[in-house]
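# Observations on chain architecture
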Amino acid sequence: MIILYWLAFCVFVFLVGTTAKRLSGPSFSEFLIISFLLFAVSIIPVGFLLSPLNLVAQTWAWIVGVYLAIGIHYVFWGKIYRAQPFSLRELIANRARWFKSWFKDLSPYLKVLFVLLLGTLAVIGVTNLALVLFTVPNEWDSMTGHLNRPLRYIQHGNMKHFGGTNWNMDTYPKSLTGIHIFTFLISGKIENAFKLMHHASYWLTIVAVFGIAQRIGRNFTASLFCALSYSMFLNFLMQAVTTETDIVLTAYMSSLLFFLFSFHATRSNHYLYLAGMAFTVALGHKITFVLLFPSIFFVMLYTVFLSPDFTTFRNRFIKLAAAILIGLFIYTLPTGYVKNIQVFGHPIGPPTALKHQSIERAGSLGNLFEQGSRNVVRYAYDFANLDGLRNAQWGYDLNKVMRKPLVVLEDKLKMRLDEETDFSIVPFSFQRRFEFYNANPYWGIYGFALIIPIILLVFFRVVWSRPHWFLSVAFILHFLALSYSAPYDPFKGRYFIETGVFGALFLMLLFSTRTLSILRPNRVIWKGYIAFIVLTACVSAIMAVFLNIRCLPFPAYGYESAFTADRIKMQTFARPDTYPAYAKFDSLVPQDATVALGTINDDFEYPLYGRKLTRKLISINPFEEGLRPIPPEADYLFFSKNVITPEPGDIRLGTDTTMKNMIVPGEDYYLRKLK
């Protein structure tokens, strides 16, 4: 059956590509972007439809569903628009020949830059692919929520609220979970299939950045430089091997931007419909897309709404609004926001979640302005780091010296960035914890030493480019939205992935403006500076990948390689004090057992499913609902002493209390055999 599932998947991908060819011009990047979006939109609504039928766990139902969905898209888009036919094989061959000719004609200086970038991307690309295929997931949010959900939904046969221990299990949008379930089931229940959409999003976003730059400037060299540089943005790069959700949102958003700029370049209305679909898919994927609304609107203003007359504006507005309205009912509202309002009274979730990580934590409007303004400076300070390099001691020392003037400046201005903590999830620190900047860096040297200064030059019109001025406003609006909308969070580097798409496009100006051009002769210092930035960025990217303690390709820092490390040790990496308890649990409980869980919000539940993901887990301490009775079908009870009082005969699994300075200290865990 597994062979048939894989065959069915290959046929589905073929159908997606066939449909994409009907919409795409003779552009390989456009073909890939449309294919990616069609892949997602053909799966997401199928999950919503299978859930009330209790067919979520049935692979055949998913296959039938996605075939019907892509069939509908094939017919629908065929009536809306049909591109000129082209041969994909000939297109790829033509682009390969053109690339060879292009590279041959480059100046020695540009050849060095592109060899550095392409060589680095090849090394980290192969390494990351191996990590995706042969290592287990172990991100915090995946262990508590994201990857528990597809397994619970398969267990229940539907995607209804079930009362998870962690609030994300019930409240998080379900669109990505549907893709997780589909890829997991159709792969024959291969665990690493959970990473497919996330890793594909890395490469798709690189393609989209290239495509957007091409639509803006029609300069292949500049577009490729932007795309390759963005591939080295460390926060983006680090998520390529994870199951974190921000990288998928970035892929959706970059697709949306590509369609908007494609419309601006061609005035073809089908790009407005595709943009509307991408917009609603992104909104249905994650609520933080709302923070991008002001930025997206400003891009829409430039690409769509600035019209020669009111009639043209009205027609464009109606087409885009209609596409968004239809998409809201298919891809956004069914994803869980309506259910959250019914259950919790808010589209995001329970009041505790809102108070913990939203604007409500600031209190008064005056305090929000004050603390949000501090957050602007805090994140600016976080950007100014040699991330990647400081994974090594010499880089850490160099980074400390580089930042000394900034620390002195903050002290002289009495900004109290680290003293004020009431609008912080984790208080700001000038020297963040190693595990924070190792796993969640920002953009590295590209950000503070090149791109952000260029953005400011464009915004204040020192350097002028009309599309880039609108992009500079989009960048600033998102930066402000992240700063004022939620408490300071040292992990916020991952949210600036989307901001990075705007930022990377400013590198086009190195090839197109008189002031910043690296193509003009006799600019030795400026060219040397850009070469230094590129070289440092490449070294930083390699060090970020090869010294990522969460997923090490080779042993380092006293940690084992992720390829050979014990499964439970890898999955409890972020909470190492819980490893002894989880390892003992895994050795005592059969792989096919049913286990009731008396755990708390921060406890990792995903490792408890076992190496084959075959244990059945039942939460009996759902978030803020109180303790439920132990279900009769349970064979074992795994619980925290703070949730259930131990009884004689219970096995104390324990926690390593000798470990100090844990992000969240482990509980005192017990195991009770019920049958």
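Below or above, wherever it landed, is the structure these notes cover. The residue count restarts for each chain, going from 1 along the sequence in the order it is written. The predicted origin of the model limits local features to residues at a pLDDT of at least 70 and limits the giving and counting of side-chain atom pairs to 80 or more, whereas totals for whole chains, interfaces and linings rest on all residues. Think of the side-chain values as coming from all heavy atoms in the structure, minus any hydrogens and water.

## Focus: a nonpolar patch on the surface
A surface patch of nonpolar side chains, about 540 Å² in accessible area, is lined by Leu-325, Ile-326, Phe-329, Ile-330, Leu-333 and Val-338. Helical segments are the DSSP runs of H or I of at least four residues, strand segments are the runs of E of at least two, and each set is numbered from the N terminus. Looking at the nonpolar patch, the element that brings in the most residues is helix 16 (residues 310-332), giving four residues. Inspection of the secondary structure assignment puts Ile-330 in helix 16. Like charges are joined within 9 Å and nonpolar side chains (Val, Leu, Ile, Met, Phe, Trp, Tyr) within 5 Å, but only among residues with over 30% relative accessible area and no salt bridge; these make up the patches. Method for areas: the Shrake-Rupley scheme with a 1.4 Å probe, in which residue coverage is limited to the protein chains shown. Salt bridges are defined by distance alone: a side-chain nitrogen of Lys or Arg within 4 Å of a carboxyl oxygen of Asp or Glu.

## Considerations on the environment of Leu-613
With respect to the secondary-structure elements, Leu-613 resides in the loop between strand 1 (594-598) and strand 2 (616-619). As a C-alpha pair, Leu-613 and Asp-592 span 21 residues in sequence and 8.9 Å in three-dimensional space. Whether two residues touch is decided by their heavy atoms; if any such pair falls within 4.5 Å, the residues are in contact. Setting aside its immediate chain neighbours within four residues, Leu-613 contacts Leu-151, Phe-184, Glu-191, Phe-194, Arg-567 and Tyr-606.

## Things to note about unusual backbone geometry
Backbone geometry follows two general trends: most residues other than glycine have a negative phi, and most peptide bonds adopt the trans configuration. You will see that Arg-267, though not glycine, has its phi angle at about 60°, which is positive. If you trace the backbone, Arg-267 turns up in the loop between helix 13 (246-266) and helix 14 (270-285). For the exposure calls, accessible area comes from a 1.4 Å probe over protein chains only, and a residue counts as buried if that area is under 20% of its type's maximum, exposed if over 50%, partly exposed in between. Take Arg-267: its relative accessible area is 38%, and that puts it in the partly exposed class. Non-glycine residue Leu-613 carries a positive phi angle of around 55°. Here Leu-613 falls in the buried class, since its relative accessible area comes to 11%.

## What to know about the side chain of His-180
With respect to the helices and strands, the residue His-180 is situated in helix 9 (residues 175-186). Here His-180 is in contact with His-146, Leu-147, Pro-150, Phe-194 and His-198, once residues within four sequence places are set aside.

## Examining the packing of aromatic side chains
Between rings of Phe, Tyr and Trp, where Trp is taken as its six-membered ring, a pair exists when centres lie within 6.5 Å; planes separated by under 30 degrees are stacked, by over 60 edge-to-face, and by other angles tilted. Scanning the model with the defined rule gives 69 aromatic pairs in all. When the ring of Phe-428 is compared with that of Phe-430, the centres are 5.1 Å apart and the planes differ by 80°; the resulting orientation is edge-to-face. On the accessibility criterion, Phe-428 (3% relative accessible area) is buried. With a relative accessible area of 13%, Phe-430 lands in the buried category. Whether a charge sits over a ring comes down to the Lys NZ or Arg CZ being within 6 Å of the ring centre and within 35 degrees of the ring normal. Across the ring face of Phe-436, the terminal group of Arg-433 is positioned such that the distance to the ring centre comes to 5.5 Å. In this structure, Lys-527 is placed above the aromatic ring of Tyr-109, and the distance from its NZ or CZ to the ring centre is 5.7 Å.

## Here we look at helix 19 (residues 365-383)
The terminal C-alpha atoms of helix 19 lie 27 Å apart, and with 19 residues this matches the ideal 27 Å at 1.5 Å per residue to within 8%. Those residues of helix 19 that fall on the buried side of the exposure criterion are Asn-367, Leu-368, Gln-371, Gly-372, Arg-374, Asn-375, Arg-378, Tyr-379, Tyr-381, Asp-382 and Phe-383. As for helix 19, its buried residues are in contact with helix 20 (393-413), helix 22 (445-459), helix 23 (466-484) and helix 24 (496-504). Here the expected span of a helix is defined as 1.5 Å times the quantity of residues minus one.

## A short note on the side chain of Asn-166
The topology assignment puts Asn-166 in the loop between helix 7 (148-156) and helix 8 (168-171). Relative accessible area serves as the criterion here: at 6%, Asn-166 is assigned to the buried category. Under the rule applied, a polar contact is a pair of N or O atoms within 3.5 Å (in protein, one hydrogen donor and one hydrogen acceptor; residues adjacent in sequence only if both atoms are side-chain atoms). In terms of polar contacts, Asn-166 uses its side chain to reach the backbone amide nitrogen of Asn-168, at 2.9 Å. A distance of 2.9 Å separates the side chain of Asn-166 from the backbone oxygen of Asn-601, its partner in a polar contact. Contacts of Asn-166, omitting those with residues within four sequence positions, involve Thr-144 and Asn-601.

## A closer look at the packing of helix 14 against helix 16
Two numbers describe how helix 14 lies on helix 16: the axes approach to 8 Å, and their chain directions differ by 35°. Where helix 14 crosses over helix 16, the handedness of that crossing is right-handed. Seen from helix 14, the contacting residues are Leu-272, Tyr-273, Ala-275, Gly-276, Met-277, Phe-279, Thr-280, Val-281, Leu-283 and Gly-284; seen from helix 16, they are Arg-316, Lys-319, Leu-320, Ala-323, Ile-324, Gly-327, Leu-328, Tyr-331 and Thr-332. Partitioned by chemical class, the residues of the contact of helix 14 with helix 16 number 12 nonpolar, five polar and two charged. Note on definitions: angles span 0 to 180 degrees between N-to-C directions of axes, and those axes are lines fitted to C-alpha atoms, for helices only across the stretch in contact. Two helices cross in a left-handed way if the nearer one is turned anticlockwise from the farther one by less than a right angle. They cross in a right-handed way if the turn is clockwise. When residue character is reported, Ala, Val, Leu, Ile, Met, Phe, Trp, Tyr, Cys and Pro are called nonpolar, Asp, Glu, Lys and Arg charged, and the others, Gly included, polar.

## Side note on the packing of helix 13 against helix 24
Following both chains from N to C, one finds helix 13 and helix 24 inclined at 30°, their axes separated by 8 Å at the closest point. Here helix 13 lies roughly parallel to helix 24, going by the angle between them. Considering only the axes of helix 13 and helix 24, their crossing is right-handed. Seen from helix 13, the contacting residues are Asp-246, Leu-249, Thr-250, Met-253, Ser-254 and Leu-257; seen from helix 24, they are Ile-497, Glu-498, Val-501 and Phe-502. Taken together, the residues of the contact of helix 13 with helix 24 break down into six nonpolar, two polar and two charged. Working definition: roughly parallel below 35 degrees, roughly antiparallel above 145 degrees, roughly perpendicular at 65 to 115 degrees, and oblique for all remaining angles.

## Brief notes about the pattern of salt bridges
The tally for this structure, following the rule as stated, stands at 17 salt bridges. Of the charged contacts, one joins Arg-215 and Glu-30 as a salt bridge, the two residues approaching to 2.8 Å between their closest N and O atoms. A residue pair is termed long-range when its members are at least 10 positions apart, and Arg-215 in helix 10 (residues 196-217) and Glu-30 in helix 2 (residues 28-50) qualify at 185 residues. Comparing Arg-215 with Glu-30, the two get one shared label, buried. Between Glu-625 and Arg-628 there is a salt bridge, with the nearest N and O atoms lying 3.1 Å from each other. Accessibility expressed as a relative area gives 33% for Arg-628, which makes it partly exposed. Salt bridges sharing partners connect three or more residues here, namely Asp-246, Lys-286 and Arg-494.

## Thoughts on the nonpolar core
Among the nonpolar cores identified, the biggest contains 190 residues, and Phe-225, Tyr-252, Phe-259, Phe-289, Tyr-446 and Leu-510 are the most heavily contacted of them. A per-element tally of this core places helix 2 first, with 14 residues. Every residue in contact with Phe-289, bar those within four places of it in the chain, is listed here: Leu-249, Met-253, Leu-256, Phe-279, Ala-282, Leu-283 and Ile-296. Here the nonpolar core consists of buried residues drawn from Ala, Val, Leu, Ile, Met, Phe, Trp, Tyr and Cys, with membership extended through side-chain atoms lying within 4.5 Å. If you look at the next biggest cluster of nonpolar residues, it comprises eight residues, including Leu-131, Val-132, Val-241 and Met-570.

## As for the environment of Tyr-202
Relative to the helices and strands, Tyr-202 is located in helix 10. On the basis of relative accessibility, which here comes to 1%, the residue Tyr-202 falls in the buried class. Taking the C-alpha atoms as reference points, Tyr-202 and Thr-250, 48 residues apart in sequence, are found 8.6 Å from one another. When neighbours within four sequence positions are excluded, Tyr-202 is seen to be in contact with Leu-121, Ile-124, Ser-231, Phe-236, Leu-237, Ala-240 and Ile-247.

## Considering the pairing of strand 5 (residues 669-673)
Buried residues dominate strand 5, accounting for four of its five residues. By the bridge criterion, two bridges tie strand 4 (residues 651-652) to strand 5 in an arrangement that is antiparallel. Among the inter-strand pairings, Ile-651 is bridged to a residue of strand 5, identified as Leu-671. Each pair of strands is called paired provided DSSP finds at least two bridges between the two strands.

## Observations regarding the sheet that holds strand 4
Sheet architecture is open: five strands sit in the order 2-1-3-5-4, paired in mixed fashion. At either end of the open sheet lies a strand with only one pairing partner, and these are strand 2 and strand 4.

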